[in-house]
Structure formats: C-alpha cells, structure tokens
Amino acid sequence: MRFVLSISLLALCLLYGMDNTAINIIQTYRTKGLEATQSILENYLKQKDFWLEVLKDKDTDYGYYEGLEFLFVSDKSIPDLSLYAINDGHLKKINQTSALVGKGKGNKKIEGDLTTPIGVYDITQRLGNLNQYYGPMAFATSYPNTYDKIQKKTGYGIWIHGLPLNGNREDLNTKGCIAIENQTLSQYDKLIGNKKALLITYENDFKPATKEELAVILSDLYAWRDAWIQNDLNTYLAFYDNDFIRYDGMRFGRFKDYKKRIFDKKEEKTILFSDINISPYPNESGKALFKVSFMQNYSAYKNNQPTYTSNSKKELYLQLKDGKISILTEK
C-alpha cells in the first residue's frame, strides 16, 4: 500500500512539472530505500504550494471535488436551480432553471418554518412512486446534516422534486423543498441516475472558494492526518475549534480526554484519504466555512498485531481562522 502511494505521489510530481523534485525523490529511493522516499512524499502533501500547483487549472469557485460527479446550486433569492457536471476538476453547466422554494427567508431553523435551508447537502436517494403532488420523482437531501444538528436545527424531508402531475399547483412556494418543472427533473434523473451528487444552497450572495483557501484546507488536512499517525496529541488538537462539538454531542473537553486515552496507546497507524470533496459552506454570518468529506481507510496496530480497522466516509465542517483550519464538528 505504501509503495502504491509513493508511486502515485511521484507521478503527481512528474505530472505537475516538478522535475528537480522528482529527480531528488528517485535518487533518495535509489540510495536510501522506499521508507525515506515515503517521508519526502508525505511532506509534500502538507505543503500549500504543492496543492496550489494541483489546483492551478481547476474550476474551484464551488470547491474541490475528487469523488463527485454532479453539483446542484440554488440561489433562494431568485429562486433558481443550476446543474453542473464535474470532470477532473472542471465544471460544465448543464442547465439553469427557475424553481420554487420555501417562502421563509434566511436559513431553516425549525421544523415547519417553511424555509429552504442554506448550506451543503448530499443527494442521498432517488425517490419514486410518490404522491402525484411531487411530480415524477424526487432527489432526497441530507438535511439536517451534522453541522445543522449541532446547531439544534430540526425538520426533515428536504427534496428536489417536480410539480403536480395533474397540473394543479396553486401554491407559489414549497414547504422548504426545491421544486422544478417535471420535464427538466426527468432529464436530470436520466443523467444523474445513481451517480454521486451534491446540493449547495444560498441566498443573495455566494462567496466563491479561492484556490488559496482550498490549498490551505488540503495541506492542513494532511498535517492533521500526520499528527494523528504520529500520536502527536497537541498538534492534532490544535486543528480543532474550542467550541467543537462532535456529531454525538461530545464537546471539546471530553473529546480531548477521549483522544488522549487513544493516543496514549502509542499504536502504529496507517491512514489513507481518498475521494476528497471540499465545498464552500454558505452561511449568514459571513464566515469562511467549508464542508470536507472523504473516504478514510484506517488501520491501527500494536506489537505488529491489528487492533482496529475501518473504511468509511468521514465528514468535517470547519472554519478558516488565522490562516489554518479550525474543525467545528465531525462525523
């Protein structure tokens, strides 16, 4: 596994024109072996300049995506809904259409407030055989997400759906969903199918992600991972906000004690990240918030014996503060 990672990173170095760097890495491998090479390559992942080079030719206004194929974007103030296809960091707008949304202004807070949420949500499911009121089908979203839940927001069933099949739609607003014309929705359904998609919703102003912000997040993500692997508790915890609340309600003080017990075991760890997705997170406070998700392959060992393994999706909701990430919640 380490050899595969090393070769992959070396390929990136060659791909992005770091010829002198590639020569140095190959010479290190030739004279000192794979382990020394691994250390050099891992260090590049923690450097902002490396990620700026990776991001140089990407479309990054709506974020950075490795494991996503389609992106919905909705401005509640118009209201509208746009669909983009994502291919190797490049976005292609497929369509932009008018939409119906909830009549409530601002962000959704409680169940029944008739407000469409502001934020970033996974498309979790394709729904069919619905009441004719919702049109031919619907895309279900992940509202409330982990960040919503720690803010005690309530409600459920926020969908992208169609209009009544019988043509009898008198309401100009939804109960919080996003509704579009049935023909357009059916076209999206054929296009997206079971592919991975995401929804970004905002109202009036959208702050695009910058390459600088994304490079900071990616480099800090790997610095956080390195501290985790090295059992460096203080460095690891420095990436968390003092107001951090885990998905299950665990606050920072208890989380710190919990992680100390784990780090004190001095286990050896292998932690691999893949399918990294980073989305700017619209919010009414104007903060530089982001949703980060990735697949995490985690293995821990003690005395060369496995103690724990997992391969699962990880979510972080974080803020950029003073030039570094500050994790607000995670799942």
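Details of the structure are given in the entry above.
All chains use their own residue numbering, which begins from 1 and follows the written sequence. Given that the model is predicted, a residue must reach a pLDDT of at least 70 before its local features are reported, and side-chain atom pairs must reach 80 or more before they are shown or counted; all residues, however, enter totals for whole chains, interfaces and linings. Side-chain measures were taken over the full set of non-hydrogen atoms in the model, leaving aside hydrogen atoms and water.

Undergrad: Describe in detail the sheet that holds strand β8 (residues 178–179), supporting the description with residues and values.
TA: On the basis of which strands lie adjacent, the open sheet formed by 8 strands has the order β4-β3-β2-β9-β5-β6-β7-β8 and mixed pairing. With one partner strand each, in any of the chains shown, β4 (90–98) and β8 form the two edges of the open sheet. For two strands to be treated as a pair, DSSP must find at least two bridges joining them. Segments assigned H or I by DSSP are reported as helices when at least four residues long, segments assigned E as strands when at least two residues long, and all are numbered from the N terminus. By the bridge criterion, 4 bridges tie strand β5 (residues 119–127) to strand β9 (residues 197–202) in an arrangement that is antiparallel. Residue pairing across strands places Y121 opposite L199, the latter belonging to β9. The contact rule is simple, with two residues in contact once any of their heavy atoms fall within 4.5 Å. The axes are straight lines fitted to the C-alpha atoms, using for helices just the contacting stretch, and the angles between their N-to-C directions are given from 0 to 180°. Helix α6 (residues 182–192) rests against β2 (70–75), β3 (80–87), β4, β5, β6 (138–141), β7 (159–161) and β9 of the sheet, and its axis sits at about 155° to β4.

Undergrad: Can you explain the pattern of salt bridges? Please cite residues and give values.
TA: Whenever Lys or Arg places a side-chain nitrogen within 4 Å of a carboxyl oxygen from Asp or Glu, that contact is recorded as a salt bridge. Evaluated as defined, the whole model comprises 19 salt bridges. With a shortest N-O distance of 3.0 Å, D122 and K291 are connected by a salt bridge. Taken as a pair, D122 in strand β5 and K291 in strand β11 (residues 289–302) lie far apart in primary sequence, 169 residues in all. Think of it in three bands: with a 1.4 Å probe and only protein chains considered, a residue is buried below 20% of the maximum accessible area for its type, exposed above 50%, and partly exposed in between. Owing to a relative accessible area of 14%, D122 belongs among the buried residues under this scheme. A salt bridge links K207 to E213, with the shortest nitrogen-to-oxygen separation between them at 3.9 Å. Residue class for E213 comes out buried when judged on its relative accessible area of 12%. Through salt bridges with shared partners, a single ionic network connects D122, K291, K313 and E315.

Undergrad: How would you summarise α6 if you had to cite specific residues and measurements?
TA: Taken residue by residue, α6 has N182, T184, L185, Y188, D189 and I192 as its buried positions. The buried residues of α6 all sit within an arc of 160° when viewed along its axis, so they share a single face. The outward face of α6, more than 90 degrees from its buried face, is lined by the exposed residues Q183 and K190. Once α6 ends, the next one or two residues include G193, with phi positive near 55°. Arc definition: it is the arc formed by the directions from the helix axis to the C-beta atoms.

Undergrad: Hey, could you go over the sheet that holds strand β10 (residues 268–280) for me, with residue numbers and the actual values?
TA: The strand order across the open sheet formed by 5 strands is β1-β10-β11-β12-β13, and the pairing between neighbours is antiparallel. Edge strands, defined here as strands with exactly one partner in the open sheet, are β1 (64–65) and β13 (324–330). Note: β11 against strand β12 (residues 305–321), 14 bridges, orientation antiparallel. Within β12, the position partnered with A300 by the bridge is Y308. Where helix α7 (residues 211–229) meets the sheet, it contacts β1, β10, β11, β12 and β13, and its direction lies at approximately 160° from that of β10.

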